[in-house]
Amino acid sequence: MKNTIILFLMCFALSTSAQITGVVTDSESGNSLPRASVVWLGTTEGTLTDPNGRFSIEPADEFPALLIFSYVGFSKDTIEITTPAQNVNVALSSSVEMQTVEVTEERDAFSMSATDKVNVESINRAVLRKAACCNLSESFETTASVDVVLNDAVTGTKKIQMLGLEGVYVQKLFEGIPFNRGLGNVLGFDQIPGPWINSIQLTKGVGSVLNGYESMSGQINLNFLPPDGNERVYADVFANQQGRFEGNLVWTKPLNKRWSTAFFAGLHFQDQKVDRNDDGFLDMPTREGIKLLNRWKYFGDYFRSQFMASYAYEDRTSGQRDFNFSDDFGSENVYGFGMEVNQIDFMAKAGILSKKREDRSVGIHTIFSRTDVDSYFGNNPYVGVQTTGRLNVTLQQKFSKYSDHSISTGLHFLYDEYNESYLDSAFNRIERVPGAFAEYTYERPRFTLVAGARYDAHNLYGGQFSPRLHLKYNLRPLTTIRTTLGRGFRSANAFGDQLGLLASSRQVRVLDTPQAEESWNTGISFLHKFELFDRQAVINTDYYYTWFQNQLVVDRDFSARQLLFYNLDGESTAHSLQADFQMEPLKGLGMKFSYKYQVVETDYLEGRLQKPLIPEHRALINVGYTSPDGNWYLDFTTNYYGMSRLPDTQMNPENLQLEAESENFLLFNTQVTRTLGNFEVYVGSENLGNFIQADAIVDAENPFGDFFDATMIYGPLNGRTVYLGVRFNLEKQSKK
């Protein structure tokens, strides 16, 4: 056995020692060129340079062989390699004297990189424009990784699901800073205008410890349009047949070499009362809202910083068609729902770079936010206020200037104050969470290890230790296998996380004082990029398993007339398996197929059950076509939702009982876009097949009775919707 191990280690050492290594630089400036391509001629075997322009590649099958170096804006260079262990330094020359730079956005259905350390799906701005409109929750129509569903049949709010779990277990980041937590989840992603977003990164599994402890099933990172980016003025208007209007304006302005600023404004309203399923309730609430944001950016040689302030206001009214607050609130004549949300955020982050060591830096970010929610469901009021402050300081550096080893360490403090009341009960708490973290990274061209851990001393839930590990190995340059394991935790918010569940006559009972929700997550993914019929193709498969040590269980099965909250006593698990295939069979024609299988089970008081309203089977087909001149875009997306278990209603009278499972259904969305200079005009339809969930509200005719329940939602309520929009985009031209 000992000899076998020694032989294995010798073989491993030999296999890793024979490498072609070197550095790729700019011949004019001498600067290194990160992410330059290095490929053996006539093969798909290759790699990319690291941030310092260095590379390491496996030897070719035979020598001599030709190695091709390429980089955007530079002429290719081909070097003959004669031995399997050789150092090659290459200086590339600028290919043309460019007077202007034109940035073209790819409209691929999705982008997954073979070089990212973790399993990330990127959605760029061009892909976001495939969605009809207007907010972030509507921006995931072309990915099966994130499901967006209605919370209930009254509030019109939407929630996301990822790896079979609710969106509260997904950490939301604004350019790396955690945000939209706690009561910020009441409106979810509805309050984030989609046109403000430059790109989205979806990370499955636990994320980095640098971003906090709340990433339990994934992360969604948003990048807004930068103040110093290509867009100078952007504006859009949108309208649909149901009386929904939205408009956005973005203005970016570089003030000088160092400073730049950007203003964002969004306005929306819907005043048309629509009841297409004839249940007496509005399909979507009437509403109005505004969101404003101003950000500043400073870019110095050794100091860089950003500041941001935002304000959001939303007012919604829904319920029965004839509801009038002045006449009906407090009575049992007509059921109504109302919600007013005010939210302010201040963010600041700064980066201090070392003058002696370019690999060493200190990052600081801080955030203050306040969210006020004032709402009522029938005659039951809910009011909540959350005040949050956060400070995070991180030191990053390599072990030595050219080392493959780097480490990030830092300190963190979070303050949360919640003041909530529902009916005659108050739920107040203050959380103080100081913490410390460290993350070690070992990065080679084919192998990456990221190991981190953090300790957070929560004043209510005690010390919490969260280790995390990410491994990546490139079997080939475009074939990657990744695995991850880690722990996360969060504070549960019985009402803020589940506010839509108050749209029923169920008696709300909180049986236990909620404890911290704690979970482990592990996963493995395989990505392979290849050529099929001389066209590029990508296949990606991943599997993730999440198990909870503690969870705030939301129980709608114990009784059809009660809504129970209690801490987990037993097991709660989620399995998620997804496969994606993408290719471009013809130039300009992109196709994507996705399938997802998920099983989510929890031990309830009445035994282990499949979690309700989570479909086991989910599929997506997206087809997009771009005309040769780039002036026409056509997208068609089909989403399939399999059956899901419905909460038990057998205790209701027979005429108010639902089936045990939902029905299968398909949703079709399409959009056609025409580019006319700086304008884009688009028209499209959502839910083209006009599928509407039947019996969405239990006992809708008697909303103040014992059996009224508007929370059994698994499908759309508003049927086929036709929309029209115009975008204006005046981009600045940068000279070089």
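The notes below deal with the structure included here. (Residues numbered from 1 in each chain as written. Predicted model: local features only at pLDDT ≥ 70, side-chain atom pairs only at ≥ 80, totals over all residues. Heavy atoms only, no water.)

Within the protein chain, the regular secondary structure consists of three helices and 42 strands. Its C-alpha atoms give the protein chain principal-axis dimensions of about 85 × 65 × 50 Å. Taking as baseline every contact in the protein chain between residues at least 6 positions apart, the subset at least 24 positions apart corresponds to 64%. Here the protein chain displays about 31,700 Å² of accessible surface, and carbon together with sulfur accounts for 56% of that area. A distance of 10 Å separates the average location of the 67 positive side-chain charges in the protein chain from that of its 88 negative side-chain charges. (Helix = DSSP H or I, 4+ residues; strand = E, 2+ residues; numbered from the N terminus. Contact = heavy atoms within 4.5 Å. Areas by Shrake-Rupley, 256 points an atom, 1.4 Å probe, with all protein chains shown as cover. Lys, Arg positive; Asp, Glu negative; His and termini not counted. Charge placed at Lys NZ, Arg CZ, Asp CG, Glu CD.)

As judged from the eleven bridges shared by strand S32 (residues 535-550) and strand S35 (residues 572-586), these two strands associate in the antiparallel manner. What sits directly across from Ile539, in S35, is Phe581. Sheet topology places S35 next to strand S36 (residues 589-604); 13 bridges connect them, and they run antiparallel. By the bridge assignment, Gln578 is partnered in S36 with Lys596. Adjacent in sequence and paired antiparallel, S35 and S36 are bridged by two residues, among which Gly588 carries a positive phi angle near 90°. (Pairing = 2+ DSSP bridges.)

Let us now look at the side chain of Thr143. With respect to the helices, strands and loops of the structure, Thr143 is situated in the loop between helix H2 (125-128) and strand S10 (146-150). Exposure remark for Thr143: the relative accessible area of 1% places this residue in the buried category. In terms of polar contacts, Thr143 uses its side chain to reach the backbone amide nitrogen of Ser145, at 3.1 Å. Beyond its immediate sequence surroundings of up to four residues, Thr143 is in contact with Glu121, Ile123, Leu202, Lys592, Arg618 and Leu620. (Buried < 20%, exposed > 50% of the residue type's maximum accessible area, 1.4 Å probe, protein only. Polar contact = N/O pair within 3.5 Å; in protein donor to acceptor, adjacent residues only side chain to side chain.)

Taken as a whole and assessed by the stated rule, the structure comprises 33 salt bridges. For the salt bridge of Lys204 with Asp542, the shortest nitrogen-to-oxygen distance reads 3.0 Å. With Lys204 in strand S15 (residues 197-204) and Asp542 in strand S32, the pair connects residues that are 338 residues apart, well separated along the chain. No difference in accessibility class separates Lys204 from Asp542, as the two residues are buried. Residue Arg561 is joined to Asp706 by a salt bridge in which the shortest nitrogen-to-oxygen separation is 3.1 Å. Within this pair, whereas Arg561 is found in the loop between strand S33 (552-555) and strand S34 (562-567), its partner Asp706 is found in the loop between strand S41 (679-686) and strand S42 (721-731), the two being separated by 145 residues in sequence. A relative accessible area of 39% means that Arg561 is categorised as partly exposed. Owing to a relative accessible area of 42%, Asp706 belongs among the partly exposed residues under this scheme. Because the salt bridges share partners, they merge into one network encompassing Arg244, Glu246, Arg287, Glu314 and Arg316. (Salt bridge = Lys/Arg side-chain N within 4 Å of Asp/Glu carboxyl O.)

What follows deals with the sheet that holds S34. One open sheet holds the three strands; their spatial order is S30-S34-S33, and the pairing between them is mixed. Every interior strand has two partners, whereas the edge strands, strand S30 (507-510) and S33, have only one. If you compare each strand with its neighbour and ignore which way they point, the axes differ by 15° on average. Strand direction decides the pairing type here: S33 and S34, joined by four bridges, are antiparallel. Counted as the bridge partner of Asp555 is Leu564 from S34. (Axes fitted to C-alpha atoms, helices over the stretch in contact; angles between N-to-C directions.)

Throughout the structure, instances matching the rule amount to 38 aromatic pairs. Taken together, a centroid distance of 6.3 Å and an interplanar angle of 50° make the contact between Phe495 and Phe565 tilted. Residue Phe495 is found in the loop between strand S29 (479-490) and S30, and its partner Phe565 is found in strand S34; the two are separated by 70 residues along the sequence. Ring centres 5.1 Å apart and planes at 25° place the aromatic pair Tyr545 and Trp547 in the stacked group. Owing to a relative accessible area of 23%, Tyr545 belongs among the partly exposed residues under this scheme. An aromatic cluster is present here, built from Phe174, Phe179, Trp196, Phe224 and Phe264 joined pairwise through their rings. Stacked on the ring of Tyr234, the Lys or Arg Arg125 has its end atom at 4.9 Å from the ring centre. Taking NZ or CZ as reference, Arg618 lies 4.3 Å from the ring centre of Tyr641, over its face. (Phe/Tyr/Trp six-rings, centres within 6.5 Å; stacked < 30°, edge-to-face > 60°. Lys NZ or Arg CZ within 6 Å of the ring centre and 35° of its normal.)

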